[in-house]
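Spelled out from the first residue to the last, the chains are:
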Amino acid sequence: MANLKEIQRQIKSVSNTQKTTRAMKLVSTAKLRRAEELAKRSRLFAQKTNQVIAEIAARIQCNKVGGIENRCFLENDAPEMIDIIFVTADKGLCGGFNMQTIKAVKRVMAEYKNKKVKIRLRGIGKKGIEFFNYNEVEMLDEVKNLSSAPDMQRSSEFMARSIDDFKEGKIDAVYIIYNGYLNVITQQLHVNRVLPVDVSAYECDVEKDSMLEFEAQDEEKMLDSLVTKYAEYNMYYALIDSLAAEHSARMQAMDAATNNAKEMVNSLKVKFNKARQEAITTELIEIISGVESMK
Amino acid sequence: METLQLEVLTPSGPIFNGPAKSVTLPGEEGEFGVLPEHVSLTTLLQAGVVDIQKENGKTESIVVNWGVVQITHDKVVVLVDGAVAIRGDSEGDIAKALDEAKSLISSVADSNTMIASVSARIESAAHNLV
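Analysis parameters
Residues numbered from 1 in each chain as written. Chains lettered and ligands numbered in written order. Predicted model: local features only at pLDDT ≥ 70, side-chain atom pairs only at ≥ 80, totals over all residues. Helix = DSSP H or I, 4+ residues; strand = E, 2+ residues; numbered from the N terminus. Expected span 1.5 Å × (residues − 1). Buried ≥ 20, exposed ≤ 12 C-beta atoms within 10 Å, placed from the backbone. Arc of directions from axis to C-beta. Contact = placed C-beta atoms within 7 Å. Pairing = 2+ DSSP bridges. Axes fitted to C-alpha atoms, helices over the stretch in contact; angles between N-to-C directions. Parallel < 35°, antiparallel > 145°, perpendicular 65-115°, else oblique. Left-handed = near helix turned anticlockwise from the far one by under 90°. Nonpolar A, V, L, I, M, F, W, Y, C, P; charged D, E, K, R; others polar.

A. Structural detail: helix α1 (residues 91-108) of chain B. Residue and element names in this part refer to chain B. Taking 1.5 Å of rise per residue, the 18 residues of α1 would be expected to cover 26 Å, and the 26 Å separating its terminal C-alpha atoms lies within 8% of that figure. Burial in α1 covers these residues: Ala 97, Ala 101 and Ile 105. Relative to the axis of α1, the buried residues are bounded by an arc of 70° and lie together on one face. Structural note: α1 exposes Gly 92, Asp 99, Ser 103 and Ser 107 on the side pointing more than 90 degrees away from its buried face. On its buried face, α1 sits against β6 (59-64), β9 (83-86) and α2 (112-129).

B. Quick look at helix α2 (residues 97-114) of chain A. Residue and element names in this part refer to chain A. Along its 18 residues, α2 runs 27 Å from first to last C-alpha, staying within 8% of the 26 Å computed at 1.5 Å per residue. Taken as a whole, α2 has its buried residues at Phe 97, Asn 98, Thr 101, Ile 102 and Val 105. Looking straight down α2, one finds that the buried residues subtend no more than 125° of arc, so they occupy a single side. Away from the buried face of α2 by more than 90 degrees, exposed residues Lys 103, Arg 107, Ala 110, Glu 111 and Asn 114 are located. One or two positions beyond α2, positive phi appears at Lys 116, with a value near 60°.

C. Expanded view of the pairing of strand β4 (residues 41-45) of chain B. All names here are of chain B. In terms of burial, β4 is a largely internal element, four of the five residues being buried. In this structure, β4 lies alongside strand β7 (residues 67-72), joined through five bridges in antiparallel fashion. Each residue of the ladder has a partner; that of Thr 42, found in β7, is Gln 70.

D. View of the packing of α1(B) against α2(B). Residues and elements named next belong to chain B. Contact geometry for α1 and α2: axes closest at 10 Å, N-to-C directions at 165°. By the angle class used here, α1 and α2 are roughly antiparallel. Of the two possible hands of crossing, α1 and α2 adopt the one that is right-handed. Residues Ile 94, Leu 98, Ala 101, Lys 102, Ile 105 and Ser 106 of α1 lie in contact with α2, whose contacting residues are Ile 115, Val 118, Ser 119, Ile 122, Glu 123, Ala 126 and Leu 129. Broken down by class, the residue content of the contact of α1 with α2 amounts to nine nonpolar, two polar and two charged.

E. Quick peek at the interface of chain B and chain A. Taken together, the 19 residues of chain B in the interface contact 23 residues of chain A. Mapped by element, the contributors of at least two residues to the side of chain B that touches chain A are β1 (4-10), β2 (13-27), β4, β7 and β8 (75-80) of chain B. Ranked by residue count, the leading element in the side of chain B that touches chain A is β4(B), at four residues. In terms of residue class, the side of chain B that touches chain A is made up of nine nonpolar, seven polar and three charged.

F. Region of the structure containing the sheet that holds strand β3 (residues 141-143) of chain A. Residues and elements named next belong to chain A. In space, the five strands of this open sheet follow the order β3-β2-β1-β4-β5, with mixed pairing throughout. Of all strands in the sheet, those with a lone pairing partner are β3 and β5 (186-195), marking the two edges. Neighbour-to-neighbour, the strand axes of the sheet open up by a mean angle of 20°, direction not taken into account. Of the strand pairs in this sheet, strand β1 (residues 81-87) and strand β4 (residues 173-183) are connected by six bridges, and their pairing is parallel. Directly across from Ile 82, in β4, lies its bridge partner Ala 173. Relative to β4, α2 is tilted by about 150°, and along the sheet it contacts β1, β2 (118-124), β4 and β5.

Structure below.
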């Protein structure tokens, strides 16, 4: 009989867990919808910004002797120090979501360490920070509670440090590593180089017929201020994209957990029925043998 | 009457997207107006007010803190960092938008004159709405 009670207790506990995971899945589904919408609206801005930057850069590149002089656009083949910014979630329970990002960070770090490049690691998101702290990897700075509630102002402030250091020449490249949203069931890992901006893809003659005119004196100045915004915006976009991915990953993980719990309850029920049957049979045998002995 | 296609985009989504008769922008070198068939131009904006004259003759004001505008002959794309549109259905909404706009402008503007002039402009714009 003790066994029966034990199984019953287990069934109850598993189905309680199932209730929790199902609720978490529903919460994530709702949050995902919002995050996805935010990312979608924001993408428009990204497209236009990239377009404007590319046009101006291409124009300067083609019309000015010596091409672009702005540091933000020059390819650097031998970087000495780079910034790696990673974005993970603040919370767990989302499958391999955080681990994928962490692995990618470790891979990129190893790659650059081999090339004898110094790395400054900057972390956003509690989970990643905890991991690197535990493994005693030094980090330049740590920001928590930003990846769960992306905020343009805070992300800009965070990014400003990298941008300033880059412009001053302290660092030679800035990478952002995050797990982005592809669709409801897949996340895609991004390793983006934000600075220097890659404009090599834009051909000179593309702009010839567009007759673009500028306020003549401020081309460089405009580019400079655009690049800052571009980098800041990229940071912000990484955050919202990562948030959408986090929710989709959690949704999946919780869905799987709910299904697992369901299976577990079923197998426990079978076990319970068997044990019950066994108990009845034993009892019957006891009664029968009792009657037999009375004869 | 000809119109131009105006888009005002912020990182958190478009604020205005539609036809307009004309638009006045706070350029880095001073304020300038854009009518349809304007020559192609790309320039920086400073903190200030974007005035839009809409197709139906009404005007709308949007306060911006920084921006870039790209003008091609029938299309104007304004990329801004932070923007607040002065609009709303009730007086309460408009007052709220006004407050947001004022805090936006005072967070970037360094001179009191600019804050005062922008405040005055949006207040009069809000007045016309009510």
